Amino acid sequence: MSRWVIRLIILSVIILIAEIYAFQALKTVTKSRVIRWVWLGVSALVYINLIYVIFSTPRSMGQTLQFQYAVGFMLTILIPKAVLILMMFGEDVVRIIQKLISFFIPGETMPLASRRAFVAKLALGLAAIPFAGFIYGIIQGRYNYKVLKYQLEFDDLPEAFDGFTITQITDIHSGSFTNKEKIQYGVDLINEQKSDLMLFTGDIVNNVASEMDDWIDVFKVLKAPYGKFSVLGNHDYGDYVDWEHRVDKIKNFEAVKGIHSKIGFDLLLNEHRYIEKDGQKLALIGVENWGKGFNQAGDLEVATQGVSQNDFKILMSHDPSHWEYKVKKDDFNYQLTLSGHTHGLQMGIEIPGFFKWSPSQYVYKQWAGLYKEFGRYINVNRGFGYHAFPGRVGIWPEITVIELKKATKNV
């Protein structure tokens, strides 16, 4: 029995226990057989659909839209039940403690049925919040584009680039797209920023180059007077598909790289370009994917051959773990790094200026937004598209606009 099958069995047992526990809470609230059967029927259909999609989809197809929606439906019913279970489990703990106290300290035991019913109703009400959130995330949240603007000051920025603007987009994941009108709106919003430079930091497809065929005309209209540049992400290598022949994977990879020129982007494969303005310049460096636990094709030494340590440098590297493990302490001094990859897990809670949380933070130290260490910055863009889960809940698709400023010296 394969390790994958064993994990699936363990996960199935955990889900079964959770479903039984959640159903007991429902029975506490209502005696309606119709409601109970609808609850069981919907859950059964979601899990049967997921199992069917998993075992009927050839690995050679990679992650399909059908799989994304199957996962999306499962999360939509499972996450709210997790909230319900946590509350009911807490009530059970209190009940057990009270039973133990009454055992050691004899006295009248108060009936707890009414309290349990109240807790169950409260838990169901709270569980409805993430349920509604996931429904919204699938229908509309994945298109709820946000423009985030930052102004960053640097002592060593060439004066000609004071006020220079950069639009960063990342993680297009064209294989997930279904609504051309919504995507067109997002692309128009990118152009509305009228930035000097446009940078794309990887994952143009989910699996194969053909996913982008219907979207070339949409994305090739992107404009920036100082150019459009890009790098590859982990999904662009075709590593998540079982290829019948190695040559097919190589051909697909070449086709993926060819997409960038079709939409007017200069793809940097461990390379650099100088951006010049008014006789001054900054170095734009683009590396292939380097990720902790992922493909590590990125090579800073190759990419910076001919670049001076004194140059002002902007690094494009898809995975922020590259910055954490290789870049931020590098004496070569990469003043600004732009990444993506995490999507902020496409779910979480953000209250700008006050609170930011996502399960993604338990995997990546830099998972969404702007970070600064050792006097160097990284921006982790939350992604333009979506993947695996066909929606976004609380972590919205992002267009980043960064304005470079020359730091003023206090006399």
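The notes below deal with the structure included here. No experiment lies behind these values; they were computed from the predicted model shown. Per chain, the residues get numbers from 1 upward, laid out in the order the sequence is written. Restriction of local features to residues with pLDDT of at least 70 applies here, the model being predicted, together with a cutoff of 80 or more for giving and counting side-chain atom pairs; totals for whole chains, interfaces and linings are based on all residues. Values reported for side chains reflect all heavy atoms of the structure, with hydrogen atoms and water molecules removed beforehand.

1. Side note on the sheet that holds strand β13 (residues 376–380)
At least two DSSP bridges between two strands are needed for those strands to be called paired. Secondary structure elements are defined from DSSP: runs of H or I of at least 4 residues count as helices, runs of E of at least 2 residues count as strands, and each element is numbered from the N terminus. Read from one edge of the open sheet, six strands run β6-β7-β8-β9-β13-β12, paired in mixed fashion. Of all strands in the sheet, those with a lone pairing partner are β6 (271–277) and β12 (369–373), marking the two edges. Between one strand and the next, the sheet's axes are offset by a mean angle of 20°, whatever the strand orientation. Relative to β13, β12 runs antiparallel, the two being bridged by five bridges. Bridged to E373 within β13 is R376. Any two residues whose heavy atoms approach within 4.5 Å at even a single point are treated as in contact. Axis geometry follows a simple rule: fit a line to the C-alpha atoms, using only the stretch in contact for helices, then measure angles between N-to-C directions, giving values from 0 to 180 degrees. Contacts from helix α9 (residues 320–327) reach β8 (313–316), β9 (336–339), β12 and β13, with the element oriented near 160° to β13.

2. A look at the packing of aromatic side chains
Any pair of Phe, Tyr and Trp rings, taking the six-membered ring for Trp, is counted once the centres come within 6.5 Å. Such a pair is stacked with planes under 30 degrees apart, edge-to-face with planes over 60 apart, and tilted for the rest. One pass over the structure, following the stated rule, counts 17 aromatic pairs. Centre to centre, the rings of F177 and F384 are 6.4 Å apart; their planes meet at 75°, and the pair counts as edge-to-face. Of the two residues, F177 sits in the loop between β2 (165–169) and α5 (180–192) while F384 sits in the loop between β13 and β14 (398–406), which places them 207 residues apart along the sequence. Here the aromatic rings of F332 and Y334 are separated by 5.8 Å at their centres, their planes lie at 55°, and the arrangement is tilted. By definition, being over a ring means that NZ of Lys or CZ of Arg is both within 6 Å of the ring centre and within 35 degrees of the ring normal. Between the NZ or CZ atom of K180 and the centre of the ring of W215, over which it lies, the distance is 5.6 Å.

3. As for the pairing of strand β7 (residues 280–286)
Burial here depends on accessible area, computed with a 1.4 Å probe over protein chains only, as a share of the maximum for the residue type. Under 20% is buried, over 50% is exposed, and the range in between is partly exposed. Counted residue by residue, β7 has five buried out of seven residues, so it is predominantly covered. Direction of pairing for β6 relative to β7: antiparallel, over a ladder of seven bridges. In the sheet register, R273 faces β7, and the bridge partner there is L284. Taken together, the four bridges between β7 and β8 define a ladder with parallel strand orientation. Following the sheet pairing, A283 is matched in β8 by K313.

4. Here we look at the nonpolar core
Counting 28 residues, the largest nonpolar core has F177, I183, I204, M212, F219, L222 and F384 as its most contacted members. If you list the elements that add at least two residues to this core, you get α5, β3 (197–200), α6 (216–219) and α7 (246–262). Membership of the second largest hydrophobic core comes to 23 residues, among which are F154, L157, L268 and M316. In these notes, a set of buried Ala, Val, Leu, Ile, Met, Phe, Trp, Tyr and Cys residues joined through side-chain atoms within 4.5 Å is what counts as a nonpolar core.

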